[in-house]
Amino acid sequence: MQPMKIVTRNCVTTLKTNTYKQTTAIVGLAVDTDARNTLMRLTSKCLASVERAPADCGYRKSVEEWMHFIQKGVLMSEDVKTIEDFIDQGQIEEVIEKVQDEITLADEYIAQKGWEAVEEAQEYATKWYEFKMEDLHYTNTEVTRVEDEMGTPAAASTTEQPK
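Residues numbered from 1 in each chain as written. Predicted model: local features only at pLDDT ≥ 70, side-chain atom pairs only at ≥ 80, totals over all residues. Heavy atoms only, no water.

### Here we look at a negative patch on the surface
Here's step 1: On the surface, Asp56, Glu116, Glu119, Glu120 and Glu123 cluster together to form a negatively charged patch.
Here's step 2: Tracing the chain through its elements places glutamate 116 in helix H5 (residues 114-133).
Here's step 3: Among the residues examined, glutamate 116 registers a relative accessible area of 35% and is labelled partly exposed. (Patch = residues over 30% accessible without salt bridge, like charges linked within 9 Å, V, L, I, M, F, W, Y side chains within 5 Å. Areas by Shrake-Rupley, 256 points an atom, 1.4 Å probe, with all protein chains shown as cover. Salt bridge = Lys/Arg side-chain N within 4 Å of Asp/Glu carboxyl O. Lys, Arg positive; Asp, Glu negative; His and termini not counted. Charge placed at Lys NZ, Arg CZ, Asp CG, Glu CD. Helix = DSSP H or I, 4+ residues; strand = E, 2+ residues; numbered from the N terminus. Buried < 20%, exposed > 50% of the residue type's maximum accessible area, 1.4 Å probe, protein only.)

### Structural notes on the nonpolar core
Here's step 1: Core analysis: the largest hydrophobic core is formed by 26 residues, its most contacted members being Leu39, Tyr59, Met67, Ile70 and Val99.
Here's step 2: At the level of secondary structure, the elements contributing two or more residues to this core comprise helix H1 (35-50), helix H2 (58-76), helix H3 (80-87) and helix H4 (92-112).
Here's step 3: With eight residues, the top contributor of residues to this core is H4.
Here's step 4: Ignoring any residue separated from it by four or fewer positions in sequence, one finds isoleucine 70 in contact with Leu39, Thr43, Ile87, Val95 and Val99. (Core = buried A, V, L, I, M, F, W, Y, C linked by side-chain atoms within 4.5 Å. Contact = heavy atoms within 4.5 Å.)

### Here we look at the environment of valine 118
Here's step 1: By the element assignment, valine 118 lies in helix H5.
Here's step 2: Since its relative accessible area comes to 42%, valine 118 is described here as partly exposed.
Here's step 3: In this structure, the C-alpha to C-alpha distance between valine 118 and cysteine 57, residues 61 residues apart in sequence, is 9.3 Å.

### Concerning the packing of H2 against H3
Angle between the axes and distance between the axes: these two values describe a pair of packed helices.
Here's step 1: Where H2 meets H3, the axes come as close as 8 Å, and the angle between the chain directions of the two elements is 150°. One element, H2, and the other, H3, form an angle in the roughly antiparallel class. Handedness of the crossing formed by H2 with H3: right-handed. Across the interface between the two elements, Phe69, Ile70, Lys72, Gly73, Val74 and Met76 from H2 touch Thr82, Ile83, Phe86 and Ile87 from H3.
Here's step 2: In the contact of H2 with H3, the residues fall into seven nonpolar, two polar and one charged. (Axes fitted to C-alpha atoms, helices over the stretch in contact; angles between N-to-C directions. Parallel < 35°, antiparallel > 145°, perpendicular 65-115°, else oblique. Left-handed = near helix turned anticlockwise from the far one by under 90°. Nonpolar A, V, L, I, M, F, W, Y, C, P; charged D, E, K, R; others polar.)

### Focus: the pattern of salt bridges
Here's step 1: On inspection of all chains with the given rule, the structure shows six salt bridges.
Here's step 2: Here arginine 52 makes a salt bridge to aspartate 107, at a shortest N to O gap of 2.7 Å. With arginine 52 in the loop between H1 and H2 and aspartate 107 in helix H4, this pair connects stretches of sequence that are 55 residues apart.
Here's step 3: A salt bridge links aspartate 85 to lysine 81; its shortest N-O distance comes to 3.5 Å. Residue aspartate 85 and its partner lysine 81 are both found in helix H3; the two are separated by four residues, about one turn of the helix.
Here's step 4: On the accessibility criterion, aspartate 85 (47% relative accessible area) is partly exposed.

### Some thoughts on unusual backbone geometry
Note on backbone geometry: most residues besides glycine have negative phi, and most peptide bonds are trans.
Here's step 1: The phi angle at alanine 25 is positive, at roughly 65°, despite the residue not being glycine.
Here's step 2: In this fold, alanine 25 is placed in the loop between strand S2 (12-17) and H1.
Here's step 3: For aspartate 88, which is not a glycine, the phi torsion comes out positive at approximately 60°.
Here's step 4: Examined against the element boundaries, aspartate 88 turns out to sit in the loop between H3 and H4.

### Some points on the confidence of the model for the chain
Low pLDDT marks regions whose predicted coordinates should not be analysed in detail.
Here's step 1: Residue-level pLDDT values for the chain average 81, and 71% of them are 70 or greater.
Here's step 2: Low pLDDT, under 50, characterises residues 11-15; the predicted model gives this stretch 14 contacts beyond four residues in sequence or across chains. (pLDDT = per-residue confidence, 0-100.)

### What about H2?
Each α-helix winds once per 3.6 residues, and so residues spaced three or four apart point in a common direction.
Here's step 1: Over its 19 residues, H2 runs 27 Å from end to end, which matches the ideal 27 Å to within 8%, given 1.5 Å per residue.
Here's step 2: Buried within H2 we find Tyr59, Arg60, Val63, Glu64, Trp66, Met67, Ile70, Gln71, Gly73 and Val74. (Expected span 1.5 Å × (residues − 1).)

Next comes the structure, spelled out in structure tokens:
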């Protein structure tokens, strides 16, 4: 931990911080002096949000995997730089912003029942494919690889097989 001096009108206070930097060098993104704990709290909050989606929902599975990965990085070290290197998604403050955005998205996804839209789209795609199968002329095709004299793939030829 590095001591940090905070100067106010009448006194100077020294705080201990869990960071190696004084600035993120990103306009509008301040250093979080307790980033490790902030990130752990936010990932837990995000996991609680996505738990409201069905267990077989792809979005839920994806977010849970990502949040558990971040938590693994946070739990493996007290050092912010080590956590950043493990997560490999920028500075820890950037990861905090991403998780905050994911919480907002998860809440909206739950409110709109986004998994239902995905199911409807999958049903529509299946029906469209079944409908289009009647129009397909090449149901049993054989694709042969054609190479030029140097052995480089040129074009593929397709021939229809008799039914």
